[in-house]
Amino acid sequence: MANHDINNTQLNGDSLNISEQRKKELKQLFPGIFTETKTDDGKLVESIDFERLKAELGQFSEIYDNRRERYAMDWPGKKDTLRQIQEPSRATLKPCREESVDFDSTENLFIEGDNLEVLKLLQKSYYGAVKMIYIDPPYNTGKEFIYPDNFTESLDTYLEYAGLKEVGGEGRKFSTNSQSEGRFHSKWLNMMYPRLYLARNLLREDGVIFISIDDNEVENLRRIGDEIFGEENFLALFPWRTDGNFDNQAKIKNCHEYILAYCKQVAAFPPPPVIDPNVDNDSKLFKADIINTIVKNGPKNPVSKVVLPKGFPSRFSEGKILSRNDAWPHFLTDALVENNQLVNSVTVESGWSSKELLLSFIENDFFPVLDIKGQETRFELTNSGAIEAVKKRGEASSHVISTLQGFGGSQKAQQELESLGIVFDDYPKPTKLLTYLLKMQHLNDFIALDFFAGSGSFAHAAFNLAAELNKNISCISIQLPEVIDSRLKAYDAGYRKISDIAKERLRRAGAKIRSELEGQLDLDNQQSLDLGFKVFKLDQSNFKQWQAPSKDTSNDELVRQMELHIDPVDQDATQEDLLYEILLKNGVKPTEQIEKIELAGHPVYSITEGTILIHLEKHTDQALMDAVLDKQPMEFICLDSAFHGNEQMKANAVKSFATFNQEKDGDYRIDFKTV
C-alpha cells in the first residue's frame, strides 16, 4: 500500500496570499534585493532591501549611499556598478559587409566592441530571447586584463581605444588591472558584475549561462552569481579536468578549471538531452527501454498484497515460479507461465515502489500507462519472480554528471586553430567541450551568446554542431578589438586585433565545414546550413546627441551645437548605418529579413515582410504616405529632416495616420515615427 502523508491531504481553504505571490514575482525580476535580516527576537528571516530595489530602478537615495551595509557581498565600487548598469548607451552598431560572410541571409552575429556597451544595445532586441550564454572571461591571474574598471571610462574612451575618435596621437588603453597592482578582486568584480547583470536580462525563462573560471575568482564568481541569478537558480559548478602539460615546478600540479552554471529559472530548465561522452557504449542508458524492479522494502514502502491476474505479461516464454516466502516478492501460490503470460491468477506480497502505477496497468488490461513524467510504462514478471517496470526511453536521454573530463585542453584547442592556419597566443577552449555544453540544450528556436568571444571557439563549436545535426544555431559573438602585442606570434602572422583572429577563424571554419559536406546527397539541406556571420562594430550614434549646456558653456559653443542639430543625422552615415541603428533601438533583431522595395517612386526598406517600413531618403511627400497607408504596416519610420521644415506637410502626414488608426483596432493600427 502506498505511503501517503495524511497531513497534506486537507484542502487549503484560504485565498491566494497576494503579498507572498508578489514577493515571488519580485524575486524573479530582482533576485539581488532579497537579503537576510534578524527580527526583534533574533530569528533570521528573508527580507526585501527596498533601498537596493530603488537603486536597481535607477533611483539612488541618500539612505542607500550612506547606510551601513548588511549581510551581502560588498566591495569598493559596487554601488557605482549599479549606476553603470542604469546608464543608457548612446552608441550604435554599424554594419560591416566587407568583413561578413552571407551578410543578407545569416542569423549569426559577430560584434566588435566593448561588451558592456554592446550588452546594453542588445537589451531591446534580445530581452528574454537567448537560450544559452557561454563566456570565458579574464581569470584575474595577476596579469593585465584589458576590460575597463574605471566608471569614468565611457563610450568616448572605447572610441579612442578602437581608433574611432581622434585623440591627437595613437590613442590610449583602457585602465586595467596591471601586474603592479596584483590580483585586485574589486577591479575584477567591478568588471564582471554589470555584464552578468545585463546578460541575465537576455536569457529566456528556460535559459542557462555557463562561465569558465579558475581558482582565483571562483569563490567570488559564485557569490555574485548567487546575487544576480538567485542562489536557488544555481545549476552546477563543473570541475573540468584539463588535459595537457602541467607546471612541473608547482608543489601541486594544477590540472583543472571550473565551469559555473546558472539558470534564469531552474524549474523551467529541462533535463539536458545528452549523455556524458565518457559513458560506455554498452551502458543501459543507450538501450531503448528503462527497466527497473519495483520490489522495494523499507519504512516508506510497507508490505502489501497485489493480485496479478491471468494474462499478466512475462519476460520469459514459459515456466513456473513456485510459491515462496524466503525471497521478495513472496508468492502465495505457484505462478504458471505460457506464451509470455500468466495462465493463472497469483497473489504476491512485498513492498512496492510503484504500486499505484502497477494497479493502473492491470486495470488498463495490460496496455501501457503514463507515469508522472509522462513516460509510457508497462510491467513484466521475470523468471526470478521480480516484477519490473519497463519505461519507454524518450528520444533524448539525459545523463550529465558534475565533472567534465575527456574534452581536451588548451593544447588540443591550439591544434584546432593550427589546422585552420590560425595563430593565437592565448589559451583557447577546445570546441569539443563547448559542443558538449551546447548539446545540453534543446535546440529549438535557439539563440546562443558569447560576450567574451576571444578566438571564436564557441561560435566555431556552434558551427560544428550545426553541421553534425544539420540544424542551424543562431550565435552572437562579442569581442573587444584588443590590440595584439607586437612581440607575439599572431602579430608576426599579420593579425593586429584579437577580434580579427576570431573573424578569420570563423571564415575558415565555415569554409572547411562546407568543403567536408560537399558530395553528400542532401544538397538542399547543406545549402541552407547557416555558416556565415554579420559583422557589426560598436561606434558612436549616427544621430547627433544634444549635450545639455553647462553654466560655463559659451554663447558661441551653444550656437555651434544648435547649428549641428538643424539636421541631427551624421553626414558620414550611410543609409544602412541608419537602418540598423533604427532597428536596434526599436527592439528589432538585426538578423530580421530586410527587403528594399519601391513605394510611390520612393525606395523603402521593408522589414519582416512589410511589418515595418522605413524610409531614409532626404525627401518625402504625401504620395508616399498614402502608399504606406495602403500597405498597412504595423510601423512606419522616416527621417524628420525629409520634411525640410514643412510643418504643414508633416501635420498632414500625422493626420493621415491618425485618421486611419481611428477606424482600426489596436493590432491593425500604424505607428508613425520620425527620427
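Coordinates for the structure precede this section.
Rules used throughout
Residues numbered from 1 in each chain as written. Predicted model: local features only at pLDDT ≥ 70, side-chain atom pairs only at ≥ 80, totals over all residues. Heavy atoms only, no water. Helix = DSSP H or I, 4+ residues; strand = E, 2+ residues; numbered from the N terminus. Areas by Shrake-Rupley, 256 points an atom, 1.4 Å probe, with all protein chains shown as cover. Phe/Tyr/Trp six-rings, centres within 6.5 Å; stacked < 30°, edge-to-face > 60°. Buried < 20%, exposed > 50% of the residue type's maximum accessible area, 1.4 Å probe, protein only. Lys NZ or Arg CZ within 6 Å of the ring centre and 35° of its normal. Arc of directions from axis to C-beta. Contact = heavy atoms within 4.5 Å. Pairing = 2+ DSSP bridges. Axes fitted to C-alpha atoms, helices over the stretch in contact; angles between N-to-C directions. Parallel < 35°, antiparallel > 145°, perpendicular 65-115°, else oblique. Left-handed = near helix turned anticlockwise from the far one by under 90°. Expected span 1.5 Å × (residues − 1).

Draft legend 1. View of the overall build of the protein chain. Helix and strand counts for the protein chain stand at 19 helices and 26 strands. Of the roughly 35200 Å² of accessible surface on the protein chain, 47% is carried by carbon and sulfur atoms.

Draft legend 2. Spotlight on the packing of aromatic side chains. Scanning the model with the defined rule gives 16 aromatic pairs in all. On the numbers, 6.0 Å between centres and 85 degrees between planes, the contact of Phe312 with Phe361 is edge-to-face. Note that Phe312 is positioned in the loop between β10 (304-308) and β11 (319-321) and Phe361 in helix α9 (residues 355-363), a separation of 49 residues in sequence. When its relative accessible area of 0% is taken as the criterion, Phe312 is described as buried. Judged by centre distance (5.2 Å) and plane angle (70 degrees), the ring pair of Phe536 and Tyr580 falls under edge-to-face. With Phe536 in strand β21 (residues 534-540) and Tyr580 in helix α17 (residues 575-585), the pair connects residues that are 44 residues apart, well separated along the chain. Of the residues examined, Phe536 reaches a relative accessible area of 2% and is grouped as buried. Here Tyr580 falls in the buried class, since its relative accessible area comes to 4%. An aromatic cluster is defined as three or more aromatic residues linked by ring pairs; in this entry it consists of Phe312, Phe361, Phe366 and Phe379. The ring of Phe34 carries Lys27 above its face, with NZ or CZ at 5.4 Å from the centroid. The ring of Tyr491 has Arg496 lying over it, and the distance from NZ or CZ to the ring centre is 3.7 Å.

Draft legend 3. Inspection of helix α10 (residues 410-419) at higher detail. For α10, the set of buried residues is Ala413, Gln414, Glu416 and Leu417. Projected onto a plane normal to the axis of α10, the buried residues spread over an arc of 155 degrees and lie on a single side. Relative to its buried face, α10 has exposed residues pointing more than 90 degrees away, namely Gln415 and Glu418. The inward-facing, buried residues of α10 abut α11 (431-439) and α14 (498-517). A positive backbone phi angle near 75 degrees is found at Gly421, which sits one or two residues after α10.

Draft legend 4. Layout of the pairing of strand β15 (residues 346-350). Burial along β15 is one-sided: Val346, Val348 and Ser350 are buried, and none of Thr347 and Glu349, which face the opposite way, are. Pairing geometry for β10 and β15, over 5 bridges, is antiparallel. In the sheet register, Leu308 faces β15, and the bridge partner there is Val346. The pairing of strand β12 (residues 330-331) with β15 spans 2 bridges and is antiparallel. Considered in β15, the bridge of Phe331 is made with Val348.

Draft legend 5. A look at the sheet that holds strand β22 (residues 594-599). Strand order in this open sheet of 5 strands is β22-β23-β24-β25-β26, and the pairing throughout is mixed. With partners counted over all chains shown, the strands left at the sheet margins are β22 and β26 (671-674), one partner each. Each neighbouring strand pair of the sheet contributes to a mean axis angle of 25 degrees, computed without reference to strand direction. Pairing of strand β24 (residues 612-615) with strand β25 (residues 635-638) involves 4 bridges; the strand directions are parallel.

Draft legend 6. Quick peek at the pairing of β21. Counting buried positions over the 7 residues of β21 gives 5, a clear majority of the element. Relative to β21, strand β4 (residues 109-112) runs parallel, the two being bridged by 4 bridges. From the neighbouring strand, Glu112 faces β21, where its bridge partner is Lys537.

Draft legend 7. Fine view of unusual backbone geometry. Going from Trp328 to Pro329, the amide bond is cis rather than trans, its omega being -5 degrees. By secondary structure assignment, the location of Pro329 is in the loop between β11 and β12. The backbone of Thr608 sits at a positive phi, close to 45 degrees, despite the residue not being glycine. Counting through the fold element by element, Thr608 comes out in the loop between β23 (602-607) and β24. Looking at Thr608, the relative accessible area reads 23%, which means it is partly exposed.

Draft legend 8. Region of the structure containing the packing of helix α5 (residues 115-126) against helix α7 (residues 185-202). Between α5 and α7, the least distance of the axes is 9 Å, while the angle of their chain directions is 20 degrees. For the element pair α5 / α7, the angle class is roughly parallel. Helix-helix and strand crossings are classified by hand; for α5 and α7 the assignment is left-handed. For the pair formed by α5 and α7, the contact residues are Asn115, Leu116, Leu119, Lys120, Leu122, Gln123 and Tyr126 on the first element and Pro194, Arg195, Leu198, Asn201 and Leu202 on the second.

Draft legend 9. Inspection of α14 at higher detail. For α14, built from 20 residues, the straight-helix expectation of 28 Å at 1.5 Å per residue is met to within 8% by its first-to-last C-alpha distance of 29 Å. Three or more residues of α14 are buried, namely Ile498, Ser499, Ile501, Ala502, Lys503, Glu504, Arg505, Leu506, Ala509, Gly510, Ile513 and Leu517.

Worth remembering: the numbers are spatial, not functional.
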